[in-house]
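Examining the three-dimensional arrangement
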Amino acid sequence: MPLPSSIVILTGAGISVESGIPSFRDKSGLWSMVNWQDYATPDAFARDPGRVRDFYNKRRRAMAGVQPNAAHHALARLEAGFRGDLLLVTQNIDDLHEAAGSRRLVHMHGELGSALCEACGMRSRWPGDMTVDSRCPQCESAGRLRPDVVWFGEMPYQMDRIYRALGEADLFVAIGTSGHVYPAADFVEEARLNGAHTLELNLEPSETAASFAEAIHGRATEIVPAFVDRLLETS
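Owing to the predicted nature of the structure, the values given are computational and were not obtained by experimental measurement.

1. Observations concerning the overall build of the protein
Along its length, the protein carries 9 helices and 9 strands. For 235 residues, the compact-globule formula gives about 18 Å, and the C-alpha radius of gyration of the protein, at 18 Å, lands near that figure. Seen through its C-alpha atoms, the protein measures out along the principal axes to roughly 55 × 35 × 35 Å. Residues counted as buried form 50% of the 235 residues belonging to the protein. Looking at the protein alone, contacts between residues at least 24 apart form 64% of all its contacts between residues at least 6 apart. When the accessible area of the protein is evaluated, it comes to approximately 11200 Å², of which 49% is carbon and sulfur surface.

2. Some details on the sheet that holds strand E4 (residues 110-117)
Judged by pairing direction, the sheet is antiparallel, and its 3 strands sit side by side in the order E5-E4-E6 without closing on themselves. The sheet terminates laterally at strand E5 (123-125) and strand E6 (145-149), the two strands that pair on one side only. Neighbour-to-neighbour, the strand axes of the sheet open up by a mean angle of 45°, direction not taken into account. With 3 bridges connecting them, E4 and E5 associate as antiparallel partners. When the sheet's bridge partners are listed, Ala115 is paired in E5 with Ser124. Each of E4 and E6 is contacted by helix H4 (residues 49-62), which is oriented at about 140° to E4, the strand it contacts most.

3. Thoughts on the pairing of E6
Among the 5 residues in E6, 5 count as buried, and that is most of the element. Taken together, the 4 bridges between E4 and E6 define a ladder with antiparallel strand orientation. Pairing of Ala115 across the sheet is with Pro147, part of E6.

4. Here we look at helix H5 (residues 70-81)
Relative to the 16 Å expected for 12 residues at 1.5 Å per residue, H5 spans 16 Å between its end C-alpha atoms, a close match to the ideal helical length. Where H5 is concerned, the buried positions are Ala71, His72, Ala74, Leu75, Ala76, Leu78 and Glu79. Elements that come into contact with the buried residues of H5 comprise strand E1 (6-11), helix H1 (14-17), strand E2 (85-90), helix H6 (96-100), strand E7 (171-175) and helix H9 (220-234). Structurally, the start of H5 carries an N-cap: the backbone nitrogen of Ala71 is 2.8 Å from a side-chain oxygen of Asn69.

5. Concerning the sheet that holds E2
The strand order E3-E2-E1-E7-E8-E9 describes an open sheet built from 6 strands, whose pairing is parallel. Strand pairing shows two members of the sheet lacking a second neighbour, strand E3 (105-107) and strand E9 (214-217), which therefore form its edges. With direction set aside, neighbouring strand axes in the sheet form an average angle of 15°. In this structure, E2 lies alongside E3, joined through 3 bridges in parallel fashion. In the sheet register, Leu88 faces E3, and the bridge partner there is Leu105. Lying on the sheet, helix H7 (residues 159-168) is in contact with E1, E2, E3 and E7; it crosses E2 at an angle near 135°. Contacting E1, E7, strand E8 (197-202) and E9, H9 crosses the sheet at an angle of about 145° to E8.

6. Looking at the nonpolar core
By size, the foremost hydrophobic cluster in this structure holds 22 residues, and its most contacted members are Ile9, Leu75, Val173, Ile175, Leu201, Val224 and Phe227. Secondary-structure elements contributing two or more residues to this core are E1, H5, E2, E7, E8 and H9. Take this core: its biggest share by element is 6 residues, from H9. If near-sequence neighbours (up to four positions away) are discounted, Ile9 is found in contact with Leu75, Leu78, Leu86, Leu87, Leu88, Val89, Val173 and Ile175. Judged by nonpolar contacts, the second largest core, of 19 residues, contains Val8, Val89, Phe187 and Ala191.

7. Section: the environment of Phe187
Along the chain, the position of Phe187 falls in helix H8 (residues 187-193). Looking at Phe187, the relative accessible area reads 0%, which means it is buried. With 15 residues separating them in the primary sequence, Phe187 and Phe172 have C-alpha atoms 8.5 Å apart. Ignoring any residue separated from it by four or fewer positions in sequence, one finds Phe187 in contact with Leu10, Val89, Met108, Met159, Ile162, Tyr163, Leu166 and Phe172.

8. So, the packing of aromatic side chains
Scanning all chains against the criterion turns up 7 aromatic pairs. On the basis of an interplanar angle of 85° and a centroid distance of 5.7 Å, the ring pair of Tyr163 and Phe187 is categorised as edge-to-face. Note that Tyr163 is positioned in helix H7 and Phe187 in helix H8, a separation of 24 residues in sequence. The exposure class of Tyr163 is partly exposed, given its relative accessible area of 30%. Sitting over the ring of Tyr39, Arg51 keeps its end group 5.6 Å from the ring centre.

Reading the values: the criteria
Residues numbered from 1 in each chain as written. Predicted model: local features only at pLDDT ≥ 70, side-chain atom pairs only at ≥ 80, totals over all residues. Heavy atoms only, no water. Helix = DSSP H or I, 4+ residues; strand = E, 2+ residues; numbered from the N terminus. Rg over C-alpha atoms; globule rule 2.2 N^0.38 Å. Buried < 20%, exposed > 50% of the residue type's maximum accessible area, 1.4 Å probe, protein only. Contact = heavy atoms within 4.5 Å. Areas by Shrake-Rupley, 256 points an atom, 1.4 Å probe, with all protein chains shown as cover. Pairing = 2+ DSSP bridges. Axes fitted to C-alpha atoms, helices over the stretch in contact; angles between N-to-C directions. Expected span 1.5 Å × (residues − 1). Polar contact = N/O pair within 3.5 Å; in protein donor to acceptor, adjacent residues only side chain to side chain. Core = buried A, V, L, I, M, F, W, Y, C linked by side-chain atoms within 4.5 Å. Phe/Tyr/Trp six-rings, centres within 6.5 Å; stacked < 30°, edge-to-face > 60°. Lys NZ or Arg CZ within 6 Å of the ring centre and 35° of its normal.

Here it is, written out as structure tokens:
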């Protein structure tokens, strides 16, 4: 692999599983236990906002004490030590990348610790529970706050920025992704068509594994630090 000057890294649920955060789509994931249509659509929130808020309140509480793992720390180390352009795009709504030190980061599916006001569109940090009485810090409307996460049928965040970075990258790396969720599953093709070398780092081959030029399979806490070490040695 030639030395890159611009890197885009996509992370999915697989990078946070080793920190104790369940994924959505595997056999023991969240959507195997509850119906996503009741908790992860705009219609679900319109029907029963209290139930949806409580679902995300429980997830927010469950994050207390969860720590980033060696893979998160390795990517923060790469950001600090890499001389070229780097953008880390995560599908995860947890804050483990930030906790590890990553700053050049896009949460394309939103953030668990953020609230979105349906009245004024303001986004604000929201570490505690969200209720019908919660008021927007900007417009002070009550009962109009929702979790600032991208639900089924909604457009992921900062897609223009992501596609610009994919068009300029000469290395695209996907870590811990299933290849099931679009538009992220198409990023490898976008990067490849623009001339980037493509690499999958995953526990097992993803649904889009055939689109990658190279793959390394194993635990994220082992293969991601090793990849970062090799890249920094050559940069």
